[in-house]
Amino acid sequence: MRILQLHCDSIEYMPTKKEIQSAEEIEPKKIRIEEVIVCFTAVEKDDDSKIAKNAISEIQESMKKVGCDKLLLYPYAHLSSTLASPGTGLKILKEMEESCTGINVMRAPFGWTKTFSIKVKGHPLAESSKVFSNDQPKDQSKEKTSTALESESKIKSYWYVLTPDGKMEEVEKFNFSNHKQLEVLAKYESAKKRHVDEPPPHVNLMKKLAIADYEPASDSGNMRFYPNGRLIKSQIEQYVTDKIRDYGGVEVETPIMYDSHHPSMESYFNRFPARQYSIDSEGKHLFLRFAACFGQFLMASDFQLSYKNLPYKLYELTRYSFRREQSGELVGLRRLRAFTMPDCHAFCKDMQQAIDEFRKRFDLSREVLSGLGIEENDYEVGIRFTEDFYNENKELINEMVSKVGKPVLVEMWKEKFFYFVLKWEFNFVDNLGKASALSTDQIDVENAQRYNITFTNEKNEQQNPIILHNSPSGAVERVIYALLEKFAKQAKEGKRPQFPLWLAPTQVRLIPLKDDFLEFTSKLAEKLTEQNVRVDIDDRNDTINKRIRDAEKEWISYVLVIGEKEVNSPSLSVRDRATGDVRQLSIEDFIKEIKDTTNGKPISKLNSAILLSQRPQIMV
RNA sequence: GCUCCGAUAGCUCAGCCUGGUAGAGCGUUACAUUGGUAAUGUAAAGGUCGUGGGUUCAGAUCCCGCUCGGAGCUCCA
C-alpha cells in the first residue's frame, strides 16, 4: 500500500464520471473540507486487513503530532503499478475507514474520475509518503529476471535523426511534419488515440483469408496456420532461403533446445534480454532457443577455420524460435511467442571485412523486402551504435542513410553495453501506429570469445572473428503481418488489394458455366498445372455471379469462366482482379503473363483439393 | 505483467439493463434450378449461451473465481 499524506487548509473535489463499471454508487456532488489530512491511497496487490490497520494506526499517530482530527481517504491509483483488483481496493479502503477511532474520517468515492483542488500547508510535517507491506517480501519472481533485462532499462542513450545529406539533429529538434511514420518510430509524439477498441486490421484478414488463427489449446502467441497460410509461409521461407544461399549463406539445422547449465550457455543466457520457455527433463534444465545463435555458434566453435575461409556465413531458418513475450504484447501475427526466423551469421577476420560484409547484407535485406512486396516507403530505418564506433566509421553510416534516401532514427550509446557496436533495423509502421522491426543486422564483437570460436590468422595465431547477425526479412510471420496491414491500408483507400502472384494460394480459378464443361475445364487445369500455375476449379452448384463473388472475396488474381465460347475458340476470358475487367487472351499469352510476373520466385504446387466441392469450408 | 472490456449455432452478431419457450444473416445438408463476370429459390439440420461456483421457485440475463481474446499502460481509484 502506498500513501501520500498531506496536511491541508482545504480540499475540494467533484466526481465527474465513472472510471470503471464496478464504481461505487453515489450521488456525484461537490465536496469541500477544511483543515484536513488528505491521504492519497493506492491499495496494492498483496495488501490485506493487517496492512490496513497498520496504515491507519500510523496515520492517526502522525495526525496527533500535527494536531488535526479530520482525515480524508482518497483513492489514488497513480501511486503504484501493482494495484489490487478494484473489489479488494474498495474493501481495504472501507476497512481503513472503519478502523479509525476518535477522529472524523471521510472517504472519497472509489472508481470515479474526480477533479480536485487542494491547498497544502507549509509546515515541515505537512507532506509525507508512506509504504506498507507484509514483512516477507516476495522476491522469487524477480530473481529470474535476466541481468540484461534489468540493466537495459538503466542504459543511457542519445537519440538523433540523421538525414541523407549527413546532418545529425537531436530528435527533439527535428521537424517531423513530412515524416509522420518516422515520428511514430521515434515515439516522439504518440500515435493518434483510438476511440473505439479495435484489433489491428490484419487479425481479421488472417482469419477471413484462412491464413492463420489463434490456437487456444496452445500457449498464447503460438499460431495455427491453415493450408493457405502454410503455402504463403512456405513460399516466403523458400524465397528468403534462396536469396541467402545466392549471397553465400550455408544452410544448417540445429536443435531447438539447450541445456541452460552448459558452460557456453550460462553467460549468454543471462545477457540476452528475452524471457524463455523452459523444460525440465531427466534432471536437465533445458530452454527453448530464442534465436539461431546458440546452435550456429556451438557448431562454428568446432570448425577448423582459417582466415582464408572468411567471411564464412552460416544460415538457418528457425522453425521455431521461442520468446516468452509479455502476454499483453501479443496480438495477431505482429508479435508471437513461437516464430520462424531466417538468421544468417557471418564470421569475419577483422573489422574491415566485417564492414564490407555489412554493406552487402544491408543491400541484400532491402532487396529481399522489396521482393516480398514491402517497399522503402513502407518502413522506417533505425540505426544504433556506440559513440566510438560512429567517430571511426562516419562514412559507413552516412552511406547507409543516403541509400535509404530519407531521414533515419539514430540511437547512440556513450559506451558499448550490448554485445554489438553497430546495429540497424527496418521498422514497419502499421495502421494503428505501431512500429515493429523486420530486417536487422548487427556487428558482434563479444560472442566469438564467449563461444570459443577461433580462426587461424595469417601469422598462424588463433584469433576470434567478428560476427554479424543478419535477418534479411525478419520473422516470416511478421512479414505476413506487414503485408496484411499494408493490404488493409490499400483497401481503406478504395484499392483492391491482392497478394503478389507468387504468394497467392490460388493463382487462377476456373469456373465451368455448367457441368457439361467440367471435362474441358479439367483439361485446361492440367495444362496450367504442368506449367507450375496454381489453379483450381469451382465446380459447386452455384450461379456464376456467386462463384465470381467468392473468388473475389478470396482475392484470386485471375478468374476464368469456361462456357460455350471458350470451348469453341482458342482464347480465354480472363478476369483480372487488379482492374476488374475481362480480357481475351490465348492460353500461351496467359501462361507467359503469369511466368513473367512470378519470374525469379519459388514455385509451389496447389495446397488444397483442386475441386472446390471437395474442400471443407475453413473460414466464411 | 497490470487495468479495463468482451466471450450466445461453423462464422458475424441480436437477446442481458428490467431473470420466466434460444433468435437473425452467412455457411452446411437436401431438392429444384444449368447460369456469361461480386449474393438463384424452397426446406432442413445445427446451441448444456467459454468454464466453475453463488443468489433465486427459476440464470444466457444478477454476483464471484478461472480460461481465452481485445484495447490501453506517459493516460488507469
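Below you will find a few notes about this structure. From a predicted model like this one, the values you see are computed outputs, not experimental measurements. (Residues numbered from 1 in each chain as written. Chains lettered and ligands numbered in written order. Predicted model: local features only at pLDDT ≥ 70, side-chain atom pairs only at ≥ 80, totals over all residues. Heavy atoms only, no water.)

Turning to the pattern of salt bridges, a few remarks are in order. Per the stated rule, a full pass over the model turns up 48 salt bridges. Close ionic contact of Glu316 with Arg289 constitutes a salt bridge, the shortest N to O distance being 3.2 Å. Taken together, the positions of Glu316 in strand β16 (residues 312-322) and Arg289 in the loop between β14 (284-288) and α9 (293-302) put the pair 27 residues apart, joining distant regions of the chain. Considered together, Glu316 and Arg289 belong to a single accessibility category, that of buried residues. One salt-bridge network, in which partners are shared between bridges, spans Arg230, Lys233, Glu237, Arg319 and Glu477. (Salt bridge = Lys/Arg side-chain N within 4 Å of Asp/Glu carboxyl O. Helix = DSSP H or I, 4+ residues; strand = E, 2+ residues; numbered from the N terminus. Buried < 20%, exposed > 50% of the residue type's maximum accessible area, 1.4 Å probe, protein only.)

All right, on to the nonpolar core then. Considering soluble globular proteins, one finds that nonpolar side chains tend to be buried as a cluster. If you look at the biggest cluster of nonpolar residues, it comprises 70 residues, and the most contacted ones within it are Leu484 and Phe499. Looking at this core, the element that brings in the most residues is helix α14 (residues 476-492), giving 9 residues. (Core = buried A, V, L, I, M, F, W, Y, C linked by side-chain atoms within 4.5 Å.)

Taken together, 55 residues lie near RNA strand B, and Glu19, Pro75, Pro86, Ser327 and Leu513 sit nearest. Here, RNA strand B places atoms within 4 Å of the protein, and 54% of those atoms are sugar or phosphate. Here Lys565 contributes a backbone N or O atom positioned 3.1 Å from a base oxygen of RNA strand B. A distance of 3.3 Å separates a sugar or linking oxygen of RNA strand B from a polar side-chain atom of Gln617. For the surface near RNA strand B, the secondary-structure elements that each account for two or more residues are α16 (544-553), α17 (564-567) and β28 (571-576). Here the element with the most residues in the surface near RNA strand B is α16; it accounts for 6 residues. (Near = heavy atom within 4 Å. Polar contact = N/O pair within 3.5 Å; in protein donor to acceptor, adjacent residues only side chain to side chain.)

Our next topic: the state of the cysteines. In protein structure, a disulfide is the covalent linkage between the sulfur atoms of two cysteines. The full count for this structure, using the stated rule, is 0 disulfides. The cysteine Cys293 is free of any disulfide, with Cys344 supplying the nearest cysteine sulfur at 11 Å. Residue classification places Cys293 among the buried positions, given a relative accessible area of 4%. Here Cys344 is not cross-linked by a disulfide; its sulfur's nearest cysteine counterpart is in Cys348, at 10 Å. Cys344 gets classed as buried once you look at its relative accessible area, which sits at 1%. (Disulfide = S-S within 2.5 Å.)

With that out of the way, let us pick up the packing of aromatic side chains. According to the stated counting rule, one finds 29 aromatic pairs in the structure shown. Measuring from centroid to centroid gives 5.2 Å for Phe297 and Tyr451, while their planes differ by 70°, and the two rings are edge-to-face. You can see Phe297 sitting in helix α9 and its partner Tyr451 sitting in the loop between α13 (447-450) and β22 (455-456), a full 154 residues away along the chain. An identical accessibility class is assigned to Phe297 and Tyr451; each is buried. With a centroid separation of 6.3 Å and 45° between ring planes, the pair formed by Phe499 and Trp555 is classed as tilted. Highlighted residues: Phe499 in the loop between α14 and β25 (508-512) and Trp555 in the loop between α16 and β27 (558-562), separated in sequence by 56 residues. Since its relative accessible area comes to 7%, Phe499 is described here as buried. Here the aromatic cluster, defined as three or more aromatic residues joined through ring pairs, consists of Tyr13, Phe40, Tyr74, Tyr76 and Phe116. The lysine or arginine in question, Lys313, covers the ring of Tyr247, its NZ or CZ lying 4.6 Å from the ring centre. (Phe/Tyr/Trp six-rings, centres within 6.5 Å; stacked < 30°, edge-to-face > 60°. Lys NZ or Arg CZ within 6 Å of the ring centre and 35° of its normal.)

Turning to the pairing of strand β29 (residues 582-586), a few remarks are in order. Within a regular beta strand, the side chains point alternately toward one face of the sheet and then the other, so they alternate between its two faces. As paired elements, β28 and β29 share 5 bridges and run antiparallel to each other. Along β29, the bridge assignment pairs Leu572 with Leu585. What sits between β28 and β29 in their antiparallel hairpin is a turn of 5 residues, with Gly580 showing a positive phi close to 85°. (Pairing = 2+ DSSP bridges.)

Moving on to the environment of Phe176. Relative to the helices and strands, Phe176 is located in the loop between β8 (168-170) and α5 (180-186). With relative accessibility at 4%, the residue Phe176 sits in the buried group. Spatially, the C-alpha atoms of Phe176 and Met619 are 42 Å apart, while their sequence positions differ by 443 residues.

Moving on, we come to the environment of Leu585. The residue Leu585 is located in strand β29 in this model. Take Leu585: its relative accessible area is 13%, and that puts it in the buried class. Taking the C-alpha atoms as reference points, Leu585 and Pro200, 385 residues apart in sequence, are found 40 Å from one another.

Before going further, it helps to spend a moment on the side chain of His469. Tracing the backbone shows His469 in strand β24 (residues 466-471). Here His345 takes part through its side chain, which lies 3.2 Å from a polar atom of the side chain of His469. Beyond its immediate stretch of four places on either side in the chain, His469 contacts Cys293, Phe297, Cys344, His345, Arg361, Tyr419, Thr440, Asp441, Gln442, Asp444 and Asn447. (Contact = heavy atoms within 4.5 Å.)

Looking now at the sheet that holds strand β15 (residues 305-306). Spatial ordering of the open sheet is given by β15-β22-β23, a layout of 3 strands whose pairing is mixed. Edge positions in the open sheet fall to β15 and β23 (462-463), since each of these has one partner strand only. In terms of strand pairing, β22 meets β23 through 2 bridges, oriented antiparallel. Pairing of Phe455 across the sheet is with Gln463, part of β23.

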